[in-house]
Every structure is written in structure tokens, then in C-alpha cells.
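One-letter residues, chain by chain:
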Amino acid sequence: MSLAHLGRLLIVILGLSSPVGAQNRSERQIIVIVADEGDPRVGYVRDAIMFWNRTLADLGLSVRLSEVELAVAPRGHRSIETFARFVSQRGGRVPKGVSGPQPPLELRELGGDVVMLLSVQPLLPFAWPLVGSPGYFVAIRSVQARRPNDNEVLRNVIAHELGHTLGLIHNRGGASLMCGPCSALAVGSRPDGWLSLTDRDRSRLRQFHSSR
Ligand SMILES: [Zn+2]
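Let me begin by describing the structure that accompanies this report. Please read all numbers here as calculations on a predicted model, not as lab measurements. (Residues numbered from 1 in each chain as written. Predicted model: local features only at pLDDT ≥ 70, side-chain atom pairs only at ≥ 80, totals over all residues. Heavy atoms only, no water.)

### A few points about the overall build of the protein chain
Put simply, the rule reads: In this description a helix means any DSSP run of H or I spanning at least four residues, a strand means any run of E spanning at least two, and both kinds are numbered starting from the N terminus. Burial classes follow relative accessibility: with a 1.4 Å probe on protein chains only, a residue under 20% of its type's maximum area counts as buried, one over 50% as exposed, and anything between as partly exposed. To measure how exposed things are, a 1.4 Å probe is used in the Shrake-Rupley method; for residues, cover is taken only from the protein chains shown.
The helix and strand tally for the protein chain stands at 6 helices and 5 strands. When the elements of the protein chain are put in sequence order from the N terminus, they spell out α-β-α-β-α-α-β-β-β-α-α. With 212 residues in all, the protein chain has 51% of them scored as buried. About 10,200 Å² of surface is accessible on the protein chain, with carbon and sulfur atoms providing 54% of the total.

Next up, the structure:
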């Protein structure tokens with residue numbers, strides 16, 4: 001295990017997942033795995049990326065999220081879904097880092113900073129730090145067509161998970177974007193449809209990312 005790996009592992013053990021990659025890299029590569037490229041969630045990911053890039057620019061920070069790079073039904077798609085179910089079911093209770101469940105090779109091969117699976121399963125969404133590349137594996141649940149405002153909820157869920165990859169942690173309760181647990185009623189209460197960031201979120205972003 002290299003020293004860098006050890007550092008990363010310790011950060012993960014402390015529960016303070018570090019933002020992806022080196023601090024001075026300005027663009028995070030976002031790879032999105034999807035079964036069908038017509039999936040409406042791809043548009044929500046694009047919206048969430050725009051939200052973050054606007055927010056980061058407003059804060060005067062140099063980091064940006066890249067345009068979506070689509071991986072449509074890539075090799076190993078099924079094992080990546082299985083790994084997502086495994087992590088989701090054991091969320092918070094699996095050993096992380098090198099001793100945790102190992103991601104399938106096909107997930108590793110996608111590379112990038114963040115690999116986001118738009119899952120076919122109704123799983124609990126998560127952002128899971130990995131050792132090496134990709135730095136984070138994010139999984140987003142399937143669409144719940146009968147749920148009112150599901151599109152608005154999903155957009156905020158996606159922005160929330162991307163927030164973790166930028167170094168943000170949960171705000172206990174309430175109705176902020178990084179809430180955990182969250183009050184579902186809060187979504188859509190703002191005119192632009194995005195839940196708000198707290199002062200603590202903003203100072204964490206400033207702490208983790210360099211200014212322009
Ligand atoms: Zn969360």
C-alpha cells in the first residue's frame with residue numbers, strides 16, 4: 001500500500017471522504033452509466049452539473065464538473081449493478097477502502113473521477129469513495145413514475161450525491177440539499193427547484209477547493 005493510499009484510507013475511515021483527486025485539478029470527469037440513452041435521468045444529471053458549476057463559480061472556486069460522458073450498457077453493466085446493490089444494502093456498514101467489497105474490474109476500467117450509475121433498481125442512492133480511479137462510485141435509484149414530483153426529487157438526489165463527491169457531508173435533518181435524513185416535502189419549495197446550501201456547506205467547499 002502506498003503512502004497516498006494509506007492517506008486516502010485514513011480519510012475514509014475518519015468519515016471525511018476527501019474530494020476526488022488532487023486539489024489543484026480544475027475539472028472532474030463525470031462518467032454516467034445508463035441502460036438506455038433516452039433515460040430522462042441523463043437530463044437531470046446535466047441539470048445538477050449546471051447547478052454545481054454555477055454554485056462553484058459564484059463562490060469563486062476553480063473546480064468544475066465536466067460535461068456528462070455517457071457509457072450506454074457498458075461491458076460489465078450487470079456486475080456494476082450487482083455491486084451497487086451490495087453497497088446500497090450495506091450502506092455505512094461495510095468496511096471501506098482496500099478491505100471493503102471490491103468494485104468490478106469493468107467499473108475500474110471506466111476511469112474518470114466520478115462514475116455514476118443510473119440504476120435500473122429502486123435502491124438507496126449513495127456516493128461511495130473508492131481507492132484509486134474512479135474516486136467515487138455514485139448510484140442513483142430508478143424512476144418512481146407514480147411518485148409526485150419524482151423528477152424534482154431525483155434532480156436534487158443527483159445534486160446531493162455530486163455534493164458528496166465535492167467533499168460535502170450531511171446536515172442533520174432539515175431541508176437543505178445535503179440533508180440527511182431529509183424532509184421530502186422540502187423539494188420544490190424554492191422557485192428554481194433546488195434545495196439550498198447551508199453556510200457550513202459553503203465553507204467546506206472553500207476549505208476543500210482553491211479559488212480562481
Ligand atoms: Zn448523502
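### Observations concerning the pairing of strand β3 (residues 114-118)
Note the threshold: Here, a strand pair is defined by DSSP locating no fewer than two bridges between the strands.
For β3, the buried fraction is high: 5 of the 5 residues fall into the buried class. The alternating pattern of β3 places Val114, Met116 and Leu118 and Val115 and Leu117 on opposite faces, both of which are buried. By the bridge criterion, 4 bridges tie strand β1 (residues 27-34) to β3 in an arrangement that is parallel. Opposite Val32, over in β3, you have Met116 as the bridge partner. Where β3 and strand β5 (residues 136-140) come together, 5 bridges link them in parallel fashion. Paired with Val115 across the strands is Phe137, a residue of β5.

### Brief notes about the environment of Arg78
Within the secondary structure, Arg78 is located in helix α3 (residues 77-89). Take Arg78: its relative accessible area is 74%, and that puts it in the exposed class. Along the sequence, Arg78 and Pro104 sit 26 residues apart, while their C-alpha atoms lie 9.9 Å from each other.

### So, the state of the cysteines
To be explicit about the condition: Cysteine sulfur atoms that pair up within 2.5 Å are treated as a disulfide.
Scanning all chains against the criterion turns up 1 disulfide. Between the sulfur atoms of Cys179 and its disulfide mate Cys182 the distance is 2.0 Å. One quick way to see it: the torsion about the S-S bond of Cys179 and Cys182 is about 110 degrees, and its sign makes the bridge right-handed. Residue Cys182 is classed as partly exposed on the basis of its relative accessible area of 45%.

### Digging into the coordination of the zinc ion
Counted only if it meets this: Distances up to 2.8 Å from the metal define which N, O and S atoms are donors, and 3.2 Å serves for Na, K and Ca; water is absent from the atom set, so sites may look incomplete.
Taken together, His160 (NE2), His164 (NE2) and His170 (NE2) make up the protein donors of the zinc ion, found 2.0 to 2.1 Å from the metal. Read in sequence order, the donor residues coordinating the zinc ion give the pattern H-x3-H-x5-H. Of the two residues, His160 sits in helix α5 (residues 150-165) while His170 sits in the loop between α5 and α6 (199-208), which places them 10 residues apart along the sequence. According to the relative accessible area criterion, His160 is buried, its value standing at 9%.

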